[in-house]
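# Chains, contacts and geometry: an overview
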Amino acid sequence: MTATDIHRTILAVWRIEQPRLITSLSRMLRDVPLAEDLTQEALLAALEHWPKAGVPEQPGAWLMATAKRRALDHLRRGQMLARKHAIVARDMEREQQAMPDWDAALDDDIGDELLRLIFTACHPLLSREARTALALRMICGLTTEEIARAFLLPETTIAQRIVRAKRTLSESGLAYETPRGEQLSERLSSVLEVVYLIFNEGYTAARGEHWLRPQLCHEALRMGRVLTAIAPFEPEAHGLLALMELNASRTAARTDNAGEPILLLEQNRGLWDQLQIRRGMQALGRARELGGAGGYYVLQAAIIACHAEATTAGETDWPRISGLYEELASVVRSPIVELNRAVAVGMAEGPAAALPMVERLAHEPVLKTYHLLGSVRGDLLHKLGRFEEARAAFEAAAELAGNKREQDLLRRRAAEAGAAAVST
């Protein structure tokens, strides 16, 4: 393997194994920020050793074993004065002695440890924004830049939030736990937000060469199902599960054989997973039964349900979708919701009705670097026959997009608009 191949392999393994490393170390050390730091040290060790010695046969196990050794070294350096440290160190030493190979290191059943880690990161002592940023960093392995793009905020702002959050967790001695009762309700909204952002990163990756990261979607769905079990009377938990199930039902139709994106209206609906659609509709029905029809996630699930219920793209109830987006906009003030509403208005009433809505959004500060604003604007301009303007909008959107597949799609659309402009 070339040095470039090894580097890509390290990053690929890191994306997969980071959550497992952090959850395992958090359970052992009872210290989430320390676990995250030691996991980062394991990555640095891989970057140092693998280019020289080659990629291990079991790279994930190598990272786990290295992280655990670093944890033991840390406890020993601190002389383990606290009784907790002594107990933890003995447990880890016995575990290491009982492990004749690295296979066992990967056989840890983390169960719902990942969810426990999210609840710990979403403690009320932290600000709402800091909770989400910290969890995305530790659970998804997202870089500070990727998290900043998700929130449409400067990278320095996200970096400061993460540093402050880790310091607060370290200094507070918070328990590493899944809360119950009132404490569960206090943290649930932040946890739902984190799970949804994890799903979104898997559904449309912010960075890299792949449109999808299925592992993150599957993990978010698993956590969503666990949340409805531990909070069965919370309508928004059911609403989020419905939203994820319905979106995930389209996975097989969202890319072609080469991995290129296929837009919603062009997808083969015969490939949509009907079982997953039924599960999503059941979760949506349960959320409504619990009185949550106007909830943030429930309304979004209702919008996706309109697509799921349409046998063909032409049968989609766009006026209803437009109305649901208007209701959603009354629940949360968001330029992105307004942009989505403009898309629905364009489908229901025509591009001439939607374009002024999009033009007004161009002045929103948080959308200055949001590539989908240019994408939507380009689509509306193209439908109105303003091809040269559409080409410029698509090209500008491509420059802002972070995902290579998305960049390629936008550049193709720009080329199509350019060709149409020449032929007219």
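To be clear, the structure that these remarks concern was listed above.
What comes next concerns the included structure. (Residues numbered from 1 in each chain as written. Predicted model: local features only at pLDDT ≥ 70, side-chain atom pairs only at ≥ 80, totals over all residues. Heavy atoms only, no water.)

### Topic: helix H9 (residues 155-172)
Because the α-helix completes a turn every 3.6 residues, residues three or four places apart line up on one side. Spanning 18 residues, H9 covers 26 Å between terminal C-alpha atoms, matching the ideal 26 Å at 1.5 Å per step. When we look at burial in H9, the residues that qualify are Ile158, Arg161, Ile162, Ala165, Lys166 and Leu169. Down the axis of H9, the sector holding all buried residues measures 125 degrees, keeping them to one side. Exposed residues on H9 whose side chains face more than 90 degrees from its buried face are Thr156 and Glu171. (Helix = DSSP H or I, 4+ residues; strand = E, 2+ residues; numbered from the N terminus. Expected span 1.5 Å × (residues − 1). Buried < 20%, exposed > 50% of the residue type's maximum accessible area, 1.4 Å probe, protein only. Arc of directions from axis to C-beta.)

### Considering the pattern of salt bridges
The final tally for this structure, using the stated rule, is 18 salt bridges. Put simply, Lys166 and Glu36 hold a salt bridge, and the shortest N to O gap is 2.7 Å. Of the two residues, Lys166 is situated in helix H9 and Glu36 in helix H2 (residues 32-53); the sequence distance between them amounts to 130 residues. A relative accessible area of 1% places Glu36 in the buried class. Between Arg279 and Glu245 there is a salt bridge, with its nearest N and O atoms 3.5 Å apart. (Salt bridge = Lys/Arg side-chain N within 4 Å of Asp/Glu carboxyl O.)

### Some thoughts on the environment of Arg405
Assignment of secondary structure puts Arg405 in helix H20 (residues 404-423). Taking the C-alpha atoms as reference, Arg405 lies 6.2 Å from Glu260; in sequence the two are 145 residues apart.

### Considering the packing of aromatic side chains
For the structure shown, the criterion picks out four aromatic pairs. Ring plane angle 90 degrees and centroid distance 5.6 Å describe the contact between Tyr196 and Tyr297, whose orientation is recorded as edge-to-face. Note that Tyr196 is positioned in helix H10 (residues 181-203) and Tyr297 in helix H14 (residues 296-309), a separation of 101 residues in sequence. Each of the two residues, Tyr196 as well as Tyr297, counts as buried. Following the ring pairs from residue to residue traces out a cluster consisting of Tyr196, Tyr296 and Tyr297. Of note, Arg250 hangs over the ring of Trp272, and the distance from its end group to the ring centre comes to 5.8 Å. The residue whose ring lies beneath Arg254 is Tyr203, and the NZ or CZ to ring-centre distance is 3.6 Å. (Phe/Tyr/Trp six-rings, centres within 6.5 Å; stacked < 30°, edge-to-face > 60°. Lys NZ or Arg CZ within 6 Å of the ring centre and 35° of its normal.)

### Examining the side chain of Ser375
Structurally, the position occupied by Ser375 is in helix H18 (residues 371-383). With residues near it in sequence (within four places) discarded, Ser375 still touches Phe394, Ala397 and Leu410. (Contact = heavy atoms within 4.5 Å.)

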